[in-house]
Amino acid sequence: MPATSVIGLQWGDEAKGKIVDLLTEDHDIVVRYQGGNNAGHTVQFGGQTYKLSLLPAGILRPGVESVVTGGVVINPRAFLEELDGIVGLNGGVDRNLLISNRAHVVFPWHMAEEAVLEKGRGGDAIGTTMRGIGTCYRDKAGRTHAIRMGDLVRGESFRDRVETVVGHKNRVLQALDPESEPLDAEAIYSEYSQYAERLAPFVTDTTSHLHKALAAGRRVLFEGAQGSLLDLDHGTFPFVTSSNSSGAGIHSGSGVPERAIERMIGVVKAYTTRVGGGPFPTELDNEIGQHIRDEGNEYGTVTGRPRRCGWFDAVATGYGARLSGVDCLAVMLLDVLGKLEEVQVCEAYEIDGERTTDFPAQLEDLARATPVLRSMPGWQADLTGIRKLEDLPVEARDYLDVVAELVGFPVDIVSVGPDREQTILVDRS
Ligand code: IMP
């Protein structure tokens, strides 16, 4: 079956947007299946830079259908703002956009609850994006106070539903933080009714739509948000996001079985970054880390926070790759390391004197892990104009070979700059 997927194998921000944009050309449908507007994809198109959070990157391509499935949590205000920012592109996006009636809706109470919960964690704060994503997924799992896109656009009992939920949420918020402002059910109802009117034409059963599309041989591209190590079940819990951001989320989030996927591309940075809290064995809290941050412009697309930077971690990335079941790697931002005299790759961890290449499940073990680093000479060259593997300096090629060997998957794509053209496709035949 002709489906492809693009998955981040680290802690997010692997520049998946560029790969999705590149592959969109060969696909009919692009699908977002988990996360919400905590994600941020930057796509350069027609001399303009677009920052997408909820809309699939395919929305920028004429004729390509964009599908947001039931595993995504949707903040309708953010969704419409994004849509308004690109109106006129893609020959009128309304003909090409579908939103699942199963997707859960993010409401103001989700942001209010998250603010109280994060504050309550003090120094152990997860460092979330404060977009109400985790609290919306929590209501989905709790089932009692959840509202889906289908409920929002049907309208019939929506007003009663909002009143009931707001009554409950106000009691909870007051108990957690007596100074919190009570939410106004009527104001929320009337604001969200307007969103419902605008979104209704797009809302449908995307699961059966995708089943039919695949059966008809249409080419589908699944666009992962965040990265495998932020996966709720398999990542560095509790410093994770609240959805299955590894390949595990494709089936649950879209209703399309994983066997439908023919090619799974694991996207990695040539180094490692992380935003928010949680252990990070190869973190460079020094001038090299700052150098990488400056050269790679490592500041969050959504929150603007400086990203923590460190050496490439083959233990963590190998785990992410196996978890997601990738076929190959796309190594991004290789050019960013171009000024360093020496580069390092973490090939194992040492935990309490024991060497291991297993990625620990317990946070305390990961926090105690010391990286075993392999040092290599840097290439000290500008790679941004290079388009062929054989034209890369030998040190850069050696670096890619070490990444492939240690992670355990071949490198099919190398990115040396943000533009579509700044890409090296590796011919393995
Ligand atoms: P949440 O997804 O807002 O609940 O945040 C949980 C954790 O995931 C925090 O450490 C965030 O910084 C991180 N996170 C969420 N979305 C992204 C992303 O798109 N890129 C990188 N980190 C993210």
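Coordinates for the structure precede this section.
No experiment lies behind these values; they were computed from the predicted model shown. (Residues numbered from 1 in each chain as written. Predicted model: local features only at pLDDT ≥ 70, side-chain atom pairs only at ≥ 80, totals over all residues. Heavy atoms only, no water.)

Novice: An account of the environment of Thr236 is requested, with residue identities and associated values reported.
Specialist: Relative to the helices and strands, Thr236 resides in the loop between β10 (220–227) and α9 (249–254). Residue classification places Thr236 among the buried positions, given a relative accessible area of 4%. It is 33 Å that separates the C-alpha atoms of Thr236 and Leu83, two residues lying 153 residues apart in sequence. If sequence neighbours within four positions are ignored, Thr236 has contacts with Trp11, Leu229, Arg274, Phe359, Leu363 and Leu366. (Helix = DSSP H or I, 4+ residues; strand = E, 2+ residues; numbered from the N terminus. Buried < 20%, exposed > 50% of the residue type's maximum accessible area, 1.4 Å probe, protein only. Contact = heavy atoms within 4.5 Å.)

Novice: So what about the site of the ligand? Which residues, and what values?
Specialist: Around the ligand sit 15 residues, and of these Asp13, Asn38, Thr129, Thr241 and Arg305 come closest. Contacts to the ligand include Gln226, whose side-chain N or O atom sits 3.2 Å from a nitrogen atom. Within the contact set of the ligand, an oxygen atom lies 3.0 Å away from a side-chain nitrogen or oxygen of Arg305. Considering the ligand on its own, with 470 Å² of exposed area, one finds that the protein chains cover 96% of that surface. By residue class, the composition of the shell around the ligand is six nonpolar, seven polar and two charged. (Near = heavy atom within 4 Å. Polar contact = N/O pair within 3.5 Å; in protein donor to acceptor, adjacent residues only side chain to side chain. Areas by Shrake-Rupley, 256 points an atom, 1.4 Å probe, with all protein chains shown as cover. Nonpolar A, V, L, I, M, F, W, Y, C, P; charged D, E, K, R; others polar.)

Novice: Summarise the packing of helix α3 (residues 108–120) against helix α6 (residues 158–176); cite the residues concerned and give the values.
Specialist: Between α3 and α6, the least distance of the axes is 11 Å, while the angle of their chain directions is 15 degrees. Taken together, the axes of α3 and α6 are roughly parallel relative to one another. At the point where α3 passes α6, the crossing takes the left-handed sense. Facing Trp109, Ala112, Glu113 and Val116 of α3, the residues of α6 in contact are Val165, Val166, Lys169, Val172, Leu173 and Leu176. Among the residues making up the contact of α3 with α6, the classes are represented as eight nonpolar, no polar and two charged. (Axes fitted to C-alpha atoms, helices over the stretch in contact; angles between N-to-C directions. Parallel < 35°, antiparallel > 145°, perpendicular 65-115°, else oblique. Left-handed = near helix turned anticlockwise from the far one by under 90°.)

Novice: Any chance you could break down the nonpolar core for me, citing the residues and the numbers?
Specialist: For soluble globular proteins, the rule of thumb is that nonpolar side chains tend to be buried together. Among the nonpolar cores identified, the biggest contains 110 residues, and Phe79, Met149, Phe222, Leu334, Leu337 and Tyr399 are the most heavily contacted of them. Ignoring sequence-local partners within four residues, the contact set of Phe79 consists of Leu54, Leu55, Val68, Ile74, Leu97, Ile99 and Leu199. In this structure, Trp11, Phe280, Ala316 and Tyr349 belong to the second largest nonpolar core, which totals 12 residues. (Core = buried A, V, L, I, M, F, W, Y, C linked by side-chain atoms within 4.5 Å.)

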